[in-house]
Structure formats: C-alpha cells, structure tokens
Amino acid sequence: MHYIGRFAPSPSGPLHFGSLVTALGSYLQAKSCYGKWLVRIEDIDPPREVKGASSLILKTLEVFNLYWDDEILYQSACSERYQAVLQTLLDKQLAYFCDCTRQRIHNLPYGLYDGFCRDRHLNGLNQPLAIRLKQTQPVYQFTDRIRGIQTFDIPNAQEDFIIHRKDGLFAYNLVVVLDDYQQGITEIVRGADLLPVTAKQISLYQLFGLPTPSYCHLPLVLDNNGNKLSKQNHAKPIEVINTQSLTIQALQFLGQQIPQDWQDATQKQLLDWAIKNWKITNIPKQNSLLTTNIR
Ligand code: GLU
C-alpha cells in the first residue's frame, strides 16, 4: 500500500516550535517511506481562528522546504460532506440530540457523559442542541508505533462523545476521521496531546467499516511549567530567519542524528539528509522540555 501522511494544523495562530516538530516528524516519516505528505487546514472552528494564520502557516512550511503533495484540503469547504454523514448517523439512530449542560456532566462520575439523552428522542428543532454518537463500537486499546500499547478505561471508551456541537460546529473527532479517510491517509503522525482521543477516532473507523490508519504520536515540547507549547499558551512564533538551526533542534528533539557539517548545508540538503537517516525507533516516548531558548 502506498504511504500517505499528513500535517493538519488548526489556524489558531502561527506555527511555534512544537508545531514545527510535528510538521517535520510527519514529513520525514512520509518521505522516508517514499510516500506523499499532505496538508489539511483544520479551519472548522471560526471563533478560534486567527485571521491570516492559515497563509502564515503555509508560508512557514515553504520556508522550511516542507512542500506538500496534492491540493490542500480546507475543512471550512467540506460542511456538506460532513452534514451528509451526520444525517445518516441520525437516520440510523447511531447519533442523538442532547441538551445536557456542561455543569451536569461535570458533576457525573469521571466527568464523563452517561448517555442520559440516548432514549429521550429530542429533535433540536426548538433550540440548538449538541449531537452525540451512540457508542456501539468502543475501543479499549490500540498500539501506537512510538508509544506502544495504549489502553483506555471503560467509561472513557464507552462515552457517547459529541460529533456536532450546540453552537452548530462539527466536532473535531468526527471530521478528523472523515477527512483522513477522504485524503487516503494511511498513517497519522501527530502530537501526543491527541493520544487520549485516538480510541474515540478509531471507534468511528470501525463504525463506518473503514480501514484504520496506523498512529505515531510524537513527544510534546513542554514549557517551563510543564505545559505543552501551544498557541493558547502564547508560544513564540517560529522565526523564519534561522531555518537550519531550528530544523537541527527539531531533529534533536525527535531523537534523530544530525549531520556534522550542517552549518554548510542548504535547507534542502538538510532535509534530504534527514529523510535518509530518519529512524522512527529513535523518537522519545516521553514529552520533554526544550533545553534551548526557542519558546
Ligand atoms: N488540528 C489539530 C491541531 O492543530 C491536529 C489534529 C490531528 O493531527 O489529528 O492540534
């Protein structure tokens, strides 16, 4: 089977060092498998979107010579396709409307949804309501290619999770699966912050009868407080003036060897070398602090 990988940033801000690590890791894994590397802009959440972030992200990838194959998929252009799936799930009673408040769910054991609205037959006609998946194919375990066997507790795996939000937006856990299928993705390489929702996503592949891709969850770059570098935590945007040295630091973060004479290499030569020498087995299983001062 031909390898197809992807990088799927949300345009909630410019790329930071943590997202560069994810972009580079997914690119090198795809290219070392002689595969394609696609980019998808996950712009389904307009309130969280920062104007101009999509084009800034793409420009930054280009400066790093991280050129994508095929056309970019913008989730904002796919609502009809998502809506059709949502309607099918509702028609087959594999999904249902829910009017439970966050507060109610917060007070439940584990803070997980208890299926209260499963048989209430709400229709969402009079007020906007969330739509939940009726979980019939819970997944309790999967094997991550970097972190090994991952197990999920029963309440978590069995939770009827939200697939369409009360504010009218499609939920990430649904559309990520629909789009990875649409783009023919065979392996998902992304940050380890998404490990906890992976079982939910695999349950959707099983429900839809689709082949499940393999997963590689990369270590997260942490700040001094132990938090993931993120746009929300105001991580410093990537400065595109020192691409080679940033690439070297990202490679080191991913446990990869670096060429001795990298200062003399062009960005393209550096990436070609990194593709040839890429070893997925060297990627650390733990998140870690950044030891230099790019934050
Ligand atoms: N859009 C997500 C993010 O920027 C990544 C989703 C994924 O890779 O599955 O964190």
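Residues numbered from 1 in each chain as written. Predicted model: local features only at pLDDT ≥ 70, side-chain atom pairs only at ≥ 80, totals over all residues. Heavy atoms only, no water.

(A) Just the pairing of strand 9 (residues 187–191), in detail. Counting buried residues along strand 9, 5 of its 5 residues qualify, which places the element largely inside the surrounding structure. Both strand 9 and strand 10 (residues 214–218) contribute to a ladder of 5 bridges, which runs parallel. Among the inter-strand pairings, Arg-190 is bridged to a residue of strand 10, identified as His-217. (Buried < 20%, exposed > 50% of the residue type's maximum accessible area, 1.4 Å probe, protein only. Helix = DSSP H or I, 4+ residues; strand = E, 2+ residues; numbered from the N terminus. Pairing = 2+ DSSP bridges.)

(B) Fine view of the nonpolar core. Counting residues in each nonpolar core, the largest one holds 44 residues, and the members touching the most others are Phe-17, Leu-20, Leu-28, Trp-37, Val-39, Leu-61 and Leu-66. Among the secondary structure elements, those contributing two or more residues to this core are helix 1 (17–32), strand 2 (36–41), helix 2 (53–63), strand 10, helix 8 (243–253) and helix 9 (267–277). Core analysis: the next-biggest nonpolar cluster, separate from the first, contains 40 residues, Leu-129, Val-177, Leu-178 and Leu-195 among them. (Core = buried A, V, L, I, M, F, W, Y, C linked by side-chain atoms within 4.5 Å.)

(C) Here's a closer look at the pairing of strand 2. For strand 2, a buried count of 5 out of 6 residues is recorded, marking the element as mostly surrounded by other parts of the structure. By the bridge criterion, 4 bridges tie strand 1 (residues 4–7) to strand 2 in an arrangement that is parallel. Bridging across to strand 2, Ile-4 finds its partner in Lys-36. As a crossover connection, the stretch from strand 1 through helix 1 into strand 2 is right-handed. For strand 2 and strand 3 (residues 73–74), the ladder comprises 2 bridges, and the chain directions are parallel. The residue of strand 3 that forms the bridge with Ile-41 is Tyr-74. Tracing the backbone out of strand 2, into helix 2 and back to the parallel element strand 3 gives a crossover that is right-handed. (Right-handed = clockwise from strand over helix to strand, strands pointing away.)

(D) Just the environment of Ala-274, in detail. One can find Ala-274 in helix 9. We classify Ala-274 as buried; its relative accessible area is 4%. Distance from Ala-274 to Ser-32, taken between C-alpha atoms, is 8.8 Å for residues 242 residues apart in sequence. Look past the residues within four positions of Ala-274 in its chain and what remains in contact with it is Leu-28 and Leu-251. (Contact = heavy atoms within 4.5 Å.)

(E) Looking closely at the site of the ligand. In the region of the ligand, the neighbouring residues are Arg-6, Ala-8, Pro-9, Ser-10, Glu-42, Tyr-172, Val-176, Arg-190 and Leu-194. Relative to its free-state accessible area of 300 Å², the ligand is covered by the protein chains to the extent of 80%. For the shell around the ligand, the per-class residue count stands at 5 nonpolar, 1 polar and 3 charged. (Near = heavy atom within 4 Å. Areas by Shrake-Rupley, 256 points an atom, 1.4 Å probe, with all protein chains shown as cover. Nonpolar A, V, L, I, M, F, W, Y, C, P; charged D, E, K, R; others polar.)

(F) Seen up close, the side chain of Gln-183. Take Gln-183: it is sitting in the loop between helix 6 (172–182) and strand 9. You can call Gln-183 buried: its relative accessible area is 12%. Polar side-chain contacts of Gln-183 include one of 2.9 Å to the side chain of Arg-40. When residues no more than four places from it in sequence are discounted, the contact partners of Gln-183 are Ile-4, Leu-38, Val-39, Arg-40 and Leu-73. (Polar contact = N/O pair within 3.5 Å; in protein donor to acceptor, adjacent residues only side chain to side chain.)

(G) Representation of the packing of helix 6 against helix 7 (residues 195–208). One way to put it is that helix 6 packs onto helix 7 with a least axis distance of 9 Å and a crossing angle of 55 degrees. The angle between helix 6 and helix 7 places the two elements in the oblique class. With respect to the hand of their crossing, helix 6 and helix 7 are arranged in right-handed fashion. Each of Tyr-172, Asn-173, Leu-174, Val-176, Val-177, Leu-178 and Asp-180 in helix 6 lies in contact with helix 7, whose residues at this interface are Val-197, Lys-200, Gln-201, Leu-204, Tyr-205 and Phe-208. Taken together, the residues that form the contact of helix 6 with helix 7 break down as 9 nonpolar, 2 polar and 2 charged. (Axes fitted to C-alpha atoms, helices over the stretch in contact; angles between N-to-C directions. Parallel < 35°, antiparallel > 145°, perpendicular 65-115°, else oblique. Left-handed = near helix turned anticlockwise from the far one by under 90°.)

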